[in-house]
Amino acid sequence: MSYVDHELSIDEMLADPIVRTLMAYDRITEKDIRKTLARVASARETNAPRLARHRTQQPLKSWTQQSVHINAPKTAA
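Residues numbered from 1 in each chain as written. Predicted model: local features only at pLDDT ≥ 70, side-chain atom pairs only at ≥ 80, totals over all residues. Heavy atoms only, no water.

> Looking at this structure, I do not really get the overall build of the protein. What am I missing?
Scanning the protein from N- to C-terminus turns up three helices and zero strands. Traced from its N-terminal end to its C-terminal end, the protein shows the element sequence α-α-α. Counting the 77 residues in the protein, one finds 4% classified as buried. Carbon and sulfur atoms make up 58% of the accessible area of the protein, which totals about 7600 Å². (Helix = DSSP H or I, 4+ residues; strand = E, 2+ residues; numbered from the N terminus. Buried < 20%, exposed > 50% of the residue type's maximum accessible area, 1.4 Å probe, protein only. Areas by Shrake-Rupley, 256 points an atom, 1.4 Å probe, with all protein chains shown as cover.)

So this is what it looks like as structure tokens:
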């Protein structure tokens, strides 16, 4: 298995010993991962028409045009 030539599939990623070790440390099972991926895929399918409408209604701004509001914590005077 070559990690340089292509992106890993889900099966390849879940078979990787380092990933397995991290999952065990975090107490996450392969079943948890697959269940989450299935939920994300389902949500994307459900929301695809709504998201497509949203994208066509509002032009995307470049990163230079986007405003970011940062709420800095108040400091004691």
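Following the structure, the description resumes.
> So what exactly am I meant to see when it comes to the pattern of salt bridges here?
A pair can form between side chains of opposite charge whenever their charged atoms are brought close. Overall, the coordinates contain three salt bridges when judged by the stated rule. Here glutamate 30 ties to arginine 20 by a salt bridge, and the two come within 2.9 Å at their closest N and O atoms. With glutamate 30 in helix H3 (residues 30-57) and arginine 20 in helix H2 (residues 17-25), this residue pair connects regions lying ten residues apart in the sequence. By relative accessible area, which is 26% here, glutamate 30 ends up partly exposed. Look at the salt bridges and you will find they share partners, linking Asp11, Arg20, Glu30 and Arg34 into a network. (Salt bridge = Lys/Arg side-chain N within 4 Å of Asp/Glu carboxyl O.)

> I'm lost on H2 in this one. Help?
Since one α-helical turn is 3.6 residues long, residues separated by three or four positions face the same way. Here H2 starts with a cap whose side-chain oxygen sits 2.7 Å from the backbone nitrogen of isoleucine 18, and that cap is aspartate 16. Just beyond H2, the residue with positive phi is arginine 27, at close to 55°. (Polar contact = N/O pair within 3.5 Å; in protein donor to acceptor, adjacent residues only side chain to side chain.)

> Would you mind showing me how to read unusual backbone geometry here?
When glycine is set aside, most residues are seen to have a negative phi, and most peptide bonds are trans. A positive phi angle is found at arginine 27, which is not glycine, with a value near 55°. Considering the arrangement of structural elements, one finds arginine 27 in the loop between H2 and H3.

> Would you mind showing me how to read the confidence of the model for the protein here?
Detailed reading of the predicted coordinates is not advisable wherever pLDDT is low. Averaged over all residues, the pLDDT of the protein is 77; the fraction at 70 or higher stands at 56%. Per-residue pLDDT, averaged within each element of the protein, yields its smallest value for H3 (80) and its largest for H2 (96). (pLDDT = per-residue confidence, 0-100.)

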